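Structural features, examined
Here are the chains, one letter per residue:
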Amino acid sequence: MRATPIRELLGSAFEVALRGRSVRGWVWGEGPVVYLVHGWGGSLEQLTPLVAPLLDRGLQVVAFDGLGHGRSDPGVHGSGSSDAVELGRSLDAVAARFGPARAVVAHSMGALSALLAIRDGWVAAERLVLIAPPSGIPDLLVRVRGELGLGARTTRRLVERVRLRTGYAPDDLDLVTIATSLERRDRPELLVVHDLLDREVPHEPSARLVHSWPGAELLSTAGLGHRRVLADAAVGGAVARFVDRLPLEASLHGDDRPQPWPDLVAADRSATGAGARAGAA
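Residues numbered from 1 in each chain as written. Predicted model: local features only at pLDDT ≥ 70, side-chain atom pairs only at ≥ 80, totals over all residues. Heavy atoms only, no water.

Overview of the nonpolar core
For soluble globular proteins, the rule of thumb is that nonpolar side chains tend to be buried together. Counting residues in hydrophobic clusters, the biggest one holds 50 residues, and the most contacted among them are Y35, L91, V94, V104, L128, L130 and W213. Dropping the residues within four chain positions of it, L91 is found in contact with Y35, V37, F64, V104, A114, A117 and V123. L44, L50, V51 and V193 belong to the second largest nonpolar core, which has 30 residues in total. (Core = buried A, V, L, I, M, F, W, Y, C linked by side-chain atoms within 4.5 Å. Buried < 20%, exposed > 50% of the residue type's maximum accessible area, 1.4 Å probe, protein only. Contact = heavy atoms within 4.5 Å.)

Notes on the packing of helix α2 (residues 84–98) against helix α3 (residues 109–119)
Think of two packed helices as two axes; the pair is described by the angle between the axes and how far apart they sit. Following both chains from N to C, one finds α2 and α3 inclined at 60°, their axes separated by 8 Å at the closest point. On the basis of the axis angle, α2 is oblique to α3. Seen along the crossing, α2 lies across α3 with a hand that is right-handed. The segment α2 lies against α3, with A84, V85, L87, G88 and L91 engaging M109, G110, L112, S113, A114, L116 and A117. Split by residue class, the contact of α2 with α3 holds nine nonpolar, three polar and no charged. (Axes fitted to C-alpha atoms, helices over the stretch in contact; angles between N-to-C directions. Helix = DSSP H or I, 4+ residues; strand = E, 2+ residues; numbered from the N terminus. Parallel < 35°, antiparallel > 145°, perpendicular 65-115°, else oblique. Left-handed = near helix turned anticlockwise from the far one by under 90°. Nonpolar A, V, L, I, M, F, W, Y, C, P; charged D, E, K, R; others polar.)

Here's the deal with the environment of V142
Residue placement: V142 occurs in helix α4 (residues 137–148). The class of V142 is exposed, set by a relative accessible area of 58%.

Focus: the sheet that holds strand β6 (residues 125–131)
In spatial order, the strands read β1-β2-β4-β3-β5-β6-β7-β8; together these eight strands make up an open sheet with mixed pairing. Of all the strands in the sheet, the pair left with one neighbour each is β1 (12–18) and β8 (217–221). Adjacent strand axes in the sheet meet at a mean angle of 20°, parallel and antiparallel pairs treated alike. Where β6 and strand β7 (residues 189–195) come together, five bridges link them in parallel fashion. Considered in β7, the bridge of V129 is made with L191. Strand contacts of α2: β1, β2 (21–28), β3 (33–37), β4 (60–65) and β5 (101–107), with the helix running at about 115° to β1, the strand carrying the most contacts. Across the sheet, α3 is in contact with β3, β5 and β6; its angle to β5 comes to roughly 145°. (Pairing = 2+ DSSP bridges.)

Now the structure itself:
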């Protein structure tokens, strides 16, 4: 299923200002507001498969390109350069135009941006949907350090660069840390959607996040990966039901107990693939 071109959805373009720069987006429908937040290097067009199911529920859908993305202006650090905090402030600027949210639906690194915006009072939301969220900046730095073989001195410089750029220490940019720091009155109802076979962002931290968040729900898919999960009709329907305050069907893999399953599948595929190749030969 491909993303629907935004003009085919009969919406209206809008533009808001953020520190002298323009954040551009589209709005559809009328009713309680739902904000769609793309991930790092993404755009609002990736999220258009979610628009129609939300419109069918009588909701107003607002999607935007964060600074440095899509049709919006370059951010503070220039074209093609942005971060989770700047994306969160882009959401803040859009929410100042359209008001408090019934829900924020965020993909990938946009999940960190959305949670920061809620925790720091930039955006008020009743419900929050995080799709394929990363665990946060600390785990990303660990991965970068391992992949690039960075020494302690270079790592310290990288940590300081994150702090200077974003205004936050890297350890503060962690989903579970942010979640546990939320006041109970500020904590939205949470749904996390994550594919068990996501190769870009592991599924297990999403299970940890759900366990740290009282009443949160985890909807696990299998075989949709990191981006195709956005275009899946069943996922779109589940997100719309959750935003509309309706119960979800139980997920086949609704907690962290099946975590060994992806490895078993990979091993099984390897074995069956070898057998298939041998049979074909």
